[in-house]
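Tertiary structure, described
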Amino acid sequence: MTTTWTAHDIPDQTGRVAVVTGANTGLGFATADALAAHGAAVVLAVRDVDKGARAAARMTGDVTVQRLDLTSLDSVRDAAAALREAHPRIDLLVNNAGVMYTPRQTTRDGFELQFGTNHLGHFALTGLLLDRMLPVPGSRVVTVSSVGHRIRAAIHLDDLQWERSYSRVGAYGQSKLANLMFTYELQRRLAARGASTVAVAAHPGVADTELVRNAPTALRAPVELLAPLVTQPPATGALPTLRAATDPAVLGGQYYGPGGRGEVRGHPRLVTSSPQSYDLAVQRRLWAVSEELTGVTSPV
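These lines cover the structure that appears in this document, whether it is placed above or below. Predicted, not measured: the structure shown is a model, and the values here were computed from it.

About the cut-offs
- Residues numbered from 1 in each chain as written.
- Predicted model: local features only at pLDDT ≥ 70, side-chain atom pairs only at ≥ 80, totals over all residues.
- Heavy atoms only, no water.
- Buried < 20%, exposed > 50% of the residue type's maximum accessible area, 1.4 Å probe, protein only.
- Helix = DSSP H or I, 4+ residues; strand = E, 2+ residues; numbered from the N terminus.
- Pairing = 2+ DSSP bridges.
- Right-handed = clockwise from strand over helix to strand, strands pointing away.
- Salt bridge = Lys/Arg side-chain N within 4 Å of Asp/Glu carboxyl O.

On to the pairing of strand S5 (residues 140-144), then. Across the 5 residues of S5, 5 count as buried, placing the element largely inside the fold. Of the two faces of S5, the one lined by Arg140, Val142 and Val144 and the one lined by Val141 and Thr143 are each fully buried. Pairing between strand S4 (residues 92-95) and S5: 4 bridges, direction parallel. Following the sheet pairing, Leu93 is matched in S5 by Val141. Inspection of the sheet shows S5 paired to strand S6 (residues 198-202) by 5 bridges, in the parallel sense. Each residue of the ladder has a partner; that of Val141, found in S6, is Ala199. With helix H5 (residues 168-193) bridging S5 and the parallel S6, this β-α-β connection has right-handed handedness.

Written out as structure tokens, the structure is:
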């Protein structure tokens, strides 16, 4: 694999249908914009359709907008139904949207906000769209994780919703760890079925996006001060996701991130996740609990 992969290396995407969550700003916008520029029919799956329409107007190519609020399972089901009706086939699902370091809040269904949005919403959406992807050769589910999956992160099976105590950083770490464990378990299930659909993960390193706005003051201040030195723009931060989504050499179950020191920034390359992310027993238990909580049973 090349060590200097850029957006210029994205193959022609003509004929592919790509759904990108959280695509009206930041990493999601950069991902959707690049896919559309290379010929894909891109759906911006966003909570605010007006912002989505303004984002779509800034892109070239075939770009449409679908309302999706990942904090509401009813909205996830409605969005999936609309997408299924509009698109008999889906080639690419990019689970990008997320929240970070939010104060203690819950989704409309009562889930801790970061876990509910970053993991459960995407788990449900993937499960509801997967049968539109399984017949499509080379289709991919790409889920965006974070270096945060290593920071105070664990899957708290005895308190997934952080009802006993709450840590913004720990809850975010749990949600991003869940993204990886979901990807690995999904890939194992797809492989067992003999499906050509693959599940891949990516992370942007430290990108200059709006996510840091909810960080604790003690963390936000130094990040903002050092941003020019330690962050990369969204278009660069999106490259690991774009590589995971389009590089013909990508294999199911792989994880892509920046290739620089500490995976903070740099050209996208194959990376490894934390040792606990590969725990098969926890992956399987998380999958089962996610099905129970969302009421969505995957076709694999």
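And the narrative resumes.
Opposite charge on two side chains makes pairing possible when the charged atoms of those side chains draw close. Going through the model one piece at a time under the given rule, you end up with 7 salt bridges. Its salt-bridge partner being Asp131, residue Arg84 comes within 2.4 Å of it at the nearest N-O pair. Of this pair, Arg84 sits in helix H3 (residues 73-86) while Asp131 sits in the loop between helix H4 (113-129) and S5, placing them 47 residues apart in sequence. Residue Arg84 is classed as partly exposed on the basis of its relative accessible area, which comes to 26%. Residue Arg188 pairs with Glu185 through a salt bridge whose shortest N-O separation is 2.3 Å. Linking Arg188 with Glu185, this pair stays in helix H5, spanning 3 residues, or about one helical turn. Arg188 sits in the partly exposed class, given a relative accessible area of 28%. Overall, the relative accessible area of 4% leaves Glu185 in the buried class. One salt-bridge network, in which partners are shared between bridges, spans Glu185, Arg188 and Arg189.

Fair warning: the whole summary comes from geometry, so function is off the table for now.
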